[in-house]
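Chain by chain, the residues:
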Amino acid sequence: RLDLEWVILGKVCLDGAHQPADVSSYKTHILPNGWPLEPCPNALIVKPPEYESNFKGKEMFSNGYFDDRLAKNVFVCTENDDKPGMSVEHRKSVDIMERNLEKNDAGNWTAPLPFCHEVITLPESRGEAYKRLESTRKTLDRNPIMKQHYFAFMKNLFAKGHAEPVPPQDPTLLKPCWYLPHFGIYHPQKLNKICMVFDSSAENGGISLNKLLLSGPHLVNSLLRTTGTSYGFYFLRFLWYGNNDPDGAIVEYRMKVHIFGNTSSPTIATFGLRKTAEVGEPEFGSDAKEFVENNFYVDDGLKSMPNRRQAIDLLKHTQAMLATGNLRLHKISSNDLLSPT
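All values reported here derive from a predicted model rather than from experimental measurement.

1. Brief notes about the overall build of the chain
Then step 1. From N to C terminus, the chain includes nine helices and 12 strands.
Then step 2. Here the chain holds 341 residues, and the buried ones make up 32% of them.
Then step 3. Contacts in the chain between residues at least 24 apart in sequence constitute 67% of all its contacts with a sequence separation of at least 6.

Structure representation (structure tokens):
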């Protein structure tokens, strides 16, 4: 007997009879309704307990006649009651990050692309990426300033080691790979600075890279870049001009970092940021860890402190902590214009 209901385990009878183990052609019990069932000799009589007439609600429920584990916890409140639970897909994404997130020799966090399932085959995507590049080139030729910005962005991308040409003898050529179209956009307030965006939602044969990836839970935090793993290189290829020369031949490149267009990138970047805070807590303090976990949105951190000294100490600790993961916290602004004392 449970507090809220009765549960019967094992074989039960239906209207005083149950199915016989075998049927004899010489002796068969026929019920009034015509079913050949054997009468059950057993009986179960349930007598409800006698409750006190002065039942006073959940206090009596948890401490009185219903005193077992279910009754004790049925009205217990926890800090997670008002938080949304993670779906199966979100839990799978987090599990992939927890098992595979690690630092490389350069001190950067590396994480795989969290696929929904193992990718065996993919439709051809290079042709569509080539057409999109031709379209982008026509746009750039009509706008010389945009063209200059686009090639400058690519130059910086290669100089930082975020992308590289696909090696000629790369064995991954025999494995499924994906080519991403790309295009440039301007920030409304930064018209002299272009940003190249990879179109991870571009489809070929009904498939896109984003359809293959787990988005992960919405952790609401920074979109700092995290280095990808070698397996992810297969799915982050793109076409561009050799040596970043507008007159050069079109060459295959691959990204070495997670890109903004991927549906999984926000979760991956946030996971790496929070992992840096978790690992750095013993050395830099819990206040820096809580600042990163609770007061960052996108790539901005916002925090109010009682005085400027505490604010400066928090920023210094957080900067030093994030630096251990090659993450730079800068462009700091405050409404206190006085120098610290």
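2. Considering the sheet that holds strand β9 (residues 237–241)
Then step 1. Read from one edge of the open sheet, three strands run β5-β10-β9, paired in antiparallel fashion. Either end of the sheet is taken by a strand with one partner, and the two such strands are β5 (163–165) and β9. Direction aside, the axes of adjacent strands within the sheet are offset by 40° on average.
Then step 2. Two elements, β9 and strand β10 (residues 250–255), share five bridges in a ladder whose sense is antiparallel. Bridge assignment links L239 to a residue of β10, and that residue is E252.
Then step 3. Sheet strands in contact with helix α4 (residues 126–142) are β9 and β10, and its direction is about 40° off that of β9.

3. Topic: the nonpolar core
Then step 1. Counting residues in hydrophobic clusters, the biggest one holds 33 residues, and the most contacted among them are F115, L209, F235, F238, W240 and M255.
Then step 2. Among the elements of the structure, α4, α5 (144–159), β7 (190–198), α6 (209–212), β9 and β10 are those that each provide at least two residues to this core.
Then step 3. When residues of this core are assigned to their parent elements, the largest contribution, five residues, is made by α5.
Then step 4. What L209 contacts, discounting residues up to four positions off in sequence, is F115, W178, L180, S200, F235, L236 and N262.
Then step 5. Ranked by size, the runner-up nonpolar core spans 12 residues in total, among them F284, A288, L322 and L329.

4. Some thoughts on the confidence of the model for the chain
Then step 1. Mean pLDDT over the chain stands at 80; residues scoring 70 or higher make up 71%.
Then step 2. Low pLDDT (under 50) marks residues 51–67, which in the prediction has 21 contacts with non-local residues, meaning those over four places away or in another chain.
Then step 3. Scored below 50 in pLDDT, residues 221–226 makes 34 contacts in the model with residues more than four places away or belonging to other chains.

5. As for the pairing of β9
Moving residue by residue along a regular strand, the side chains alternate between the two faces of the sheet.
Then step 1. In terms of residue burial, β9 counts as a mostly covered element, since five of its five residues are buried.
Then step 2. Neither face of β9 is open: one carries R237, L239 and Y241, the other F238 and W240, and all of them are buried.

6. A closer look at the packing of α4 against α5
Then step 1. Between α4 and α5, whose axes approach to 5 Å, the crossing angle comes to 125°. As judged from the angle between their axes, α4 and α5 are oblique. Contacts between α4 and α5 involve T136, R137, T139, L140, D141 and R142 from the former and P144, M146, K147, Y150 and F151 from the latter.
Then step 2. Partitioned by chemical class, the residues of the contact of α4 with α5 number five nonpolar, two polar and four charged.

7. Quick look at the packing of aromatic side chains
Then step 1. Enumeration over the complete set of coordinates arrives at 10 aromatic pairs.
Then step 2. Note on F151 and W240: the rings are 4.8 Å apart at their centroids and 45° apart in plane angle, and the pair reads as tilted. With F151 in helix α5 and W240 in strand β9, this pair connects stretches of sequence that are 89 residues apart. An identical accessibility class is assigned to F151 and W240; each is buried.

8. Focus on the packing of helix α7 (residues 265–284) against helix α9 (residues 308–323)
Then step 1. Two elements in contact, α7 and α9, have axes separated by 9 Å at closest approach and are oriented at 120°. At the point where α7 passes α9, the crossing takes the right-handed sense. Contacts between α7 and α9 involve L273, T276, A277, G280, E281 and F284 from the former and H317, A320, M321 and L322 from the latter.

9. Brief notes about unusual backbone geometry
Trans is the prevailing form of peptide bonds, just as negative phi is the prevailing case for residues other than glycine.
Then step 1. Its identity is not glycine, yet N243 carries a phi of approximately 60°, on the positive side.
Then step 2. One can find N243 in the loop between β9 and β10.
Then step 3. In this structure, N326 is a non-glycine residue whose phi angle is positive, near 60°.
Then step 4. The residue N326 is located in the segment after α9 in this model.

10. Regarding the side chain of S208
Then step 1. Looking at where S208 falls in the secondary structure, it is placed in the loop between β7 and α6.
Then step 2. According to the relative accessible area criterion, S208 is buried, its value standing at 3%.
Then step 3. Setting aside residues up to four positions removed in sequence, S208 forms contacts with W178, S200, S201, A202 and E203.

11. Re the pattern of salt bridges
One side chain can pair with another of opposite charge once the charged atoms of both are near each other.
Then step 1. If you walk through the whole model with that rule in mind, you get 11 salt bridges.
Then step 2. Where R126 meets E252, a salt bridge forms, and the shortest distance between an N and an O atom there is 2.8 Å. Of the two residues, R126 is situated in helix α4 and E252 in strand β10; the sequence distance between them amounts to 126 residues.
Then step 3. By relative accessible area, E252 is classed as buried at 19%.
Then step 4. Here E164 and R254 are joined by a salt bridge, their closest N and O atoms 2.8 Å apart. Remark: R254 occurs in strand β10 and E164 occurs in strand β5; sequence separation between them is 90 residues.

Procedures and definitions
Residues numbered from 1 in each chain as written. Predicted model: local features only at pLDDT ≥ 70, side-chain atom pairs only at ≥ 80, totals over all residues. Heavy atoms only, no water. Helix = DSSP H or I, 4+ residues; strand = E, 2+ residues; numbered from the N terminus. Buried < 20%, exposed > 50% of the residue type's maximum accessible area, 1.4 Å probe, protein only. Contact = heavy atoms within 4.5 Å. Pairing = 2+ DSSP bridges. Axes fitted to C-alpha atoms, helices over the stretch in contact; angles between N-to-C directions. Core = buried A, V, L, I, M, F, W, Y, C linked by side-chain atoms within 4.5 Å. pLDDT = per-residue confidence, 0-100. Parallel < 35°, antiparallel > 145°, perpendicular 65-115°, else oblique. Nonpolar A, V, L, I, M, F, W, Y, C, P; charged D, E, K, R; others polar. Phe/Tyr/Trp six-rings, centres within 6.5 Å; stacked < 30°, edge-to-face > 60°. Left-handed = near helix turned anticlockwise from the far one by under 90°. Salt bridge = Lys/Arg side-chain N within 4 Å of Asp/Glu carboxyl O.

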